[in-house]
Amino acid sequence: MVPDTRTAASRLLEQLPARQGFGDATLIKHRPGSIDLGGGNPDVEALPTALYRDAARDLTEGDAFAASLRYVPAPGIPALRTWIAEREGVDAERVIVTTGGAHGLALAVLGTLDAGDEIVVDDPVYPLFLRTLDLVGAHPVPIRVDAHGIDVDELERRLLAGLRPKALFTVPTFQNPSGGTLPDDRARRLAELADRFGFTIIFDDPYREVGFEPGGVDVRSRQLDSDRVIAVNTFSKTLGPALRVGWIVVPEALAERFVRLRNRLDGLTSGTLQELVLRIVQRQEYPAALAAAGVGYGRKARALQQALESRFGDAIEITEPSGGFFLWARLHGDADFARLHALAQDEGVFFQRGEWFAVDDDAHLRGTMRLSFSEQPTEALVEGVERLHRAWRQLG
Ligand code: PMP
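Computed from a prediction, not measured in an experiment: that's the story for all the values here.

1. Quick notes on the confidence of the model for the protein
Chain-level statistics for the protein give a pLDDT mean of 93 and a share of 95% at 70 or above. Here the predicted complex carries an ipTM of 0.99, next to a pTM of 0.95.

Rendered as structure tokens:
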């Protein structure tokens, strides 16, 4: 194979036009009045803004504030690392606070992969992760996901047939885009395969805490007792993506390597924001606020699903999620989706085509779409479906 000598920046930028609709929000030009069912934003109404107010007052009126404006330790302020570690059931030395989930993924990739390495990924996949692989020039190998996450039987067959990945990437809970959740027995089998064949598992779990059933999902990451699992997480979906605070949990043996890597890359995450997050998550109202947000998302998911079913009837098949921000749907027949998408934009609604979540071959994703219910109010979800249906009827 000819070595890829392009800079990381050229790799990152060159790939974009191929997947234009996704991956660079600034490239999408929404028309005025258009209903966006494409994004991964939380509902601003569901964010705990009252807790922010109290936490900001506590912080700015207390002694910790001035110190939080200094350089703080690369792996994070000790009190937040400890809070995360207790929640995850691991030693605090294994926790590194990051500047959001994307940063955690970049660290995980830089810390485990070299140019030319193979990494197994979900198919369909969270597309920005593919861009992260471009940082090092690693190659994604797709394995299908179903309602129960990545297909471990297929993975085992491929490993037995000689596949030797350096790592595996999956979104284990309420997968983006297709909504499935990996049960514990599959997570365990994955960890066993990782041991047997010597690869690292990257679990990217930003939707774990937005389950529709209060208390329905264990908030710990899976298989952290394995020394092959790196868990990546973020406060983006629960406290807001503009906050840019997340974390990774790394195996004990890799902790020092990752702290040094993090230190050299970009030093630290804002101490002031970490102190703020700490004061929010420690408030006794926080668990109830999280649970209420999840219940609200569940209500919106059902409203979107009902609107789609009542408009499209038998023509649509919807994967019913139990958490997260997205419905994954398939329209039967062989509708021209490029045209449907353009017509829908003319009608004033934007969605993500399933093909944009392909790793390479996208034939199995034709006719699929990811519709986000998290951000829009219920009336806008229903109106968005009306517009989508009008676009679909024009296909003839
Ligand atoms: N992983 C997945 C699967 C996501 O959906 C997202 C957000 N869209 C992220 C990671 C990145 O989260 P953050 O905004 O904290 O960078």
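From this point, things continue past the structure.
2. Notes on the site of the ligand
The immediate surroundings of the ligand are formed by 13 residues, with Gly100, Gly101, Ala102, Thr234 and Ser236 found nearest. In terms of residue class, the shell around the ligand is built from five nonpolar, seven polar and one charged.

3. Some details on the nonpolar core
The biggest cluster of nonpolar side chains holds 65 residues, and the ones touching the most others in it are Ile119, Ile202, Ile248 and Val277. Two domains each donate at least three residues to this core, and these are domain 1 (17–48 + 287–394) and domain 2 (49–281). For Ile202, the residues in contact, after removing those within four places along its chain, are Ala108, Ala167, Leu168, Phe169, Ile230 and Val232. With 33 residues, the next largest nonpolar core counts Ile35, Ala46, Phe351 and Trp392 among its residues.

4. Remarks on helix 14 (residues 378–394)
Between its first and last C-alpha, helix 14 extends 25 Å over 17 residues, near the 24 Å set by a 1.5 Å rise per residue. Listing the buried residues of helix 14 in full gives Leu381, Gly384, Val385, Arg387, Leu388, His389, Ala391 and Trp392. Contacts made by the buried residues of helix 14 are with strand 1 (35–36), helix 12 (286–312), helix 13 (337–347) and strand 12 (349–350). Positive phi appears at Gly396, one or two residues downstream of helix 14, with a value of about 75°.

5. As for the sheet that holds strand 4 (residues 139–146)
Sheets are built from strands paired through backbone hydrogen bonds, the pairs being either parallel or antiparallel. The mixed open sheet is built from eight strands, whose spatial order is 2-9-8-7-6-3-4-5. The open sheet has two free edges, formed respectively by strand 2 (95–98) and strand 5 (149–150), since each of these has just one partner strand.

Calculation notes
- Residues numbered from 1 in each chain as written.
- Predicted model: local features only at pLDDT ≥ 70, side-chain atom pairs only at ≥ 80, totals over all residues.
- pLDDT = per-residue confidence, 0-100.
- Near = placed C-beta within 6 Å.
- Nonpolar A, V, L, I, M, F, W, Y, C, P; charged D, E, K, R; others polar.
- Core = buried A, V, L, I, M, F, W, Y, C linked by C-beta atoms within 7 Å.
- Buried ≥ 20, exposed ≤ 12 C-beta atoms within 10 Å, placed from the backbone.
- Domains from an automatic or database assignment.
- Contact = placed C-beta atoms within 7 Å.
- Helix = DSSP H or I, 4+ residues; strand = E, 2+ residues; numbered from the N terminus.
- Expected span 1.5 Å × (residues − 1).
- Pairing = 2+ DSSP bridges.

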